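Coordinate inspection notes
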Amino acid sequence: MSIRRPPAPLLDAALVAASLFDVWVHADASEPLRMACALAAAFALLLRRRLPRLTFLLTLPAVLLSDAVFAALAALYTLAVFTRGRTLLVVCAVAFTCSNLISLLSPGFGFSIPSTFIALGYTAATAAAPVFLGRLVQARRDLSLRLAEISRARDHERQLTAQTVLARERTTLAREMHDVVAHQVSLIAVRAGALQVGSRDAEVKQAAATIRKLSVQTLEELRHMVSVLRTAGGSPVELIPQPSLADLQRLVDNSDIETELRTDLSGSLPPPVQRAIYRTVQEALTNVRKHAPGARAAVRIRHEHTTVRVTVTNSPPTRPTLSLPSAHYGLVGLRQRAELLGGTVTCGPTTDGGYQLCLTLPVAGTRGRCEPGAQRR
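Residue indices follow the written sequence of each chain, beginning from 1 at its first position. Note on the predicted model: pLDDT of at least 70 is required for a residue's local features to be given, and 80 or more for side-chain atom pairs to be given and counted; whole-chain, interface and lining totals, by contrast, use all residues. The side-chain figures draw on all heavy atoms in the structure; neither hydrogens nor water molecules are used.

Next up on the list: the overall build of the chain. What the chain contains, in helices and strands, is 10 helices and six strands. If you sum the accessible surface of the chain, you get close to 22400 Å²; carbon and sulfur atoms cover 62% of it. Every helix listed is a DSSP run of H or I at least four residues long, and every strand listed is a run of E at least two residues long, numbered separately from the N terminus. The method behind every accessible area is Shrake-Rupley, applied with a 1.4 Å probe, and residues are considered shielded solely by the protein chains displayed.

Here it is, written out as structure tokens:
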């Protein structure tokens, strides 16, 4: 059961109210400069979501000149939640520690080495607490996103498993139709042709010619059905419009990945080749999203003589990765589709820690219209 968080404006208003209460407790109206800095720090929290760094800088003078430090602690927590740079967080925590220590070591403070170390430890712990809490909230948020990705990945794996079973059944059916039915119909056509040639009866010749004609038509339709069954293993619904090269840009735009697409192909390629290219790019971007969170991707599609080459390369992940369940059915399906078209699929890690997938397909007698350029999402 998930806990509902309060709305962001309500939470910001509560933080501002708590900061104003802190100002009322610790600030003195007879000191206008300290009061102004403390009030500015309190109201600066309204900018903490959009400008966390600026908000923290606006709260530092209040820490340096007064004891109203709640606004600075809230700003430091916000910075830890929305920022991934550890160096920046360390610098900000040290800045808060130094400002608060200077405020504590006022002329009325009884200076001694033990008391100074105690004050330093207190201020350092005070600065570290919101930083650790913010990092914990950030880790929890990242974990929630990764769990959602795992759930989607499992659904995808179940769909792939069902599609693989369906493809296997279709392949078996195609093999049986080809080995049994086609063989028998071919024998009928041959026998009918022999009867047509060897018979002297006009009616028998006419009947044999009709049987042979129908057998040939049946063989043609049977070959077409076998071809459809062998190539239609990807989805249980094949009557919907199939993707083509014109759909690549929409695929890249909807991938939630910073992707650069370069292609010199037109839409004149055969539909099976266009579908193979689309499915390859789709599976590669899916794998980037699953196994390399935060990585950038580059898609290169080019025509080389009678070969089309598709290369999808991603950079190393920039966010922590979790081990996701995978049966590798996606890559198996890509290889099977490529082999049906006479091509190959290769994949493997790159030298910089990324990953690359390459599809090579033969396209005899087809040339793509050269349209060099890059499209970046």
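Both cavities and pockets are sets of points on a 1 Å grid over the protein atoms alone; in a cavity a 1.4 Å probe fits but cannot get out, in a pocket the set is open with protein on both sides within 12 Å along at least five of seven lines, and lining residues sit with an atom within 4 Å of a point. Grid points are joined across faces, edges and corners, and a volume is the space filled by probe spheres set on the points. The full count for this structure, using the stated rule, is one cavity of 30 Å³ or more. The space that makes up the largest cavity amounts to roughly 30 Å³. In terms of lining residues, the largest cavity is bounded by S19, D22, V23, A38, A41, A62, A68, V69, F70 and A71. Mapped onto the lining of the largest cavity, the elements with two or more residues apiece are α1 (8-26), α2 (32-44) and α4 (70-82).

All right, on to the pairing of strand β4 (residues 344-349) then. A pair of strands counts as paired when DSSP detects no fewer than two bridges linking them. Taken together, the six bridges between β4 and strand β5 (residues 355-362) define a ladder with antiparallel strand orientation. Residue T346 lies in a different strand from β5, and its bridge partner there is C358. The turn joining β4 and β5, which pair antiparallel and follow one another in sequence, is formed by five residues; a positive phi near 95° is taken by G353.

For the rest of this paragraph, the subject is α4. Residue count minus one, scaled by 1.5 Å, sets the expected span of a helix. In a regular helix each residue adds 1.5 Å, so 13 residues correspond to 18 Å; α4 covers 19 Å between its end C-alpha atoms and thus fits that length. Among the 13 residues of α4, 10 are classified as buried, and the element is accordingly described as predominantly covered. When we look at burial in α4, the residues that qualify are A71, A72, L73, A74, A75, L76, T78, L79, A80 and V81. Think of it in three bands: with a 1.4 Å probe and only protein chains considered, a residue is buried below 20% of the maximum accessible area for its type, exposed above 50%, and partly exposed in between.

A few words now on a nonpolar patch on the surface. A cluster of nonpolar side chains, contributed by L51, L54, L57 and L58, occupies part of the molecular surface with about 350 Å² of accessible area. The residue L51 is located in the loop between α2 and α3 (52-65) in this model. Residue class for L51 comes out partly exposed when judged on its relative accessible area of 42%. Each patch groups residues whose relative accessible area exceeds 30% and which form no salt bridge, using 9 Å between like charges and 5 Å between nonpolar side chains of Val, Leu, Ile, Met, Phe, Trp and Tyr. Only one rule defines a salt bridge in this text: a Lys or Arg side-chain nitrogen within 4 Å of an Asp or Glu carboxyl oxygen.

This brings us to the environment of Y77. Structurally, the position occupied by Y77 is in helix α4. In sequence terms Y77 and P130 are 53 residues apart; their C-alpha atoms lie 4.6 Å from each other. Once residues lying within four places of it in the same chain are set aside, the contact partners of Y77 are P130, L133, G134 and V137. Should any heavy atoms of two residues lie within 4.5 Å, those residues are counted as being in contact.

The next thing to look at is the nonpolar core. L248, L269, I277, V281, I301, V308 and V310 are the most contacted members of the largest nonpolar core, which has 32 residues in total. The element best represented in this core is helix α9 (residues 271-291), accounting for eight residues. Not counting residues up to four positions away in its chain, the partners in contact with V310 are I277, V281, R300, I301, L357, C358 and L359. Nonpolar cores were defined as sets of buried Ala, Val, Leu, Ile, Met, Phe, Trp, Tyr and Cys residues, with membership established by side-chain atoms within 4.5 Å. The next biggest cluster of nonpolar side chains, apart from the first, holds 23 residues, and it includes A62, A74, C92 and A93.

Here we take up the pattern of salt bridges. Per the stated rule, a full pass over the model turns up eight salt bridges. In this structure, D155 engages R158 in a salt bridge whose closest nitrogen and oxygen atoms are separated by 2.1 Å. Of the two residues, D155 and R158 both sit in helix α6 (residues 113-198), three residues apart, roughly one turn of that helix. The partly exposed category is assigned to D155, whose relative accessible area is 33%. Note that R302 and E304 form a salt bridge whose closest N and O atoms lie 2.7 Å from each other. Accessibility expressed as a relative area gives 30% for E304, which makes it partly exposed.

Taken as a whole, the chain shows an average pLDDT of 78; of its residues, 80% reach a score of 70 or greater. In the predicted structure, residues 234-240 sits below a pLDDT of 50 and forms 11 contacts with residues beyond four places in sequence or in another chain. In this model, residues 365-377 is a region of pLDDT below 50 whose contacts with residues beyond four sequence positions or in other chains number 41 contacts. For every residue, the predictor assigns a confidence score, pLDDT, that lies between 0 and 100.

Within the fold, S19 resides in helix α1. For S19, a relative accessible area of 1% puts it in the buried group. Beyond its immediate stretch of four places on either side in the chain, S19 contacts A42, L45, F70 and A71.

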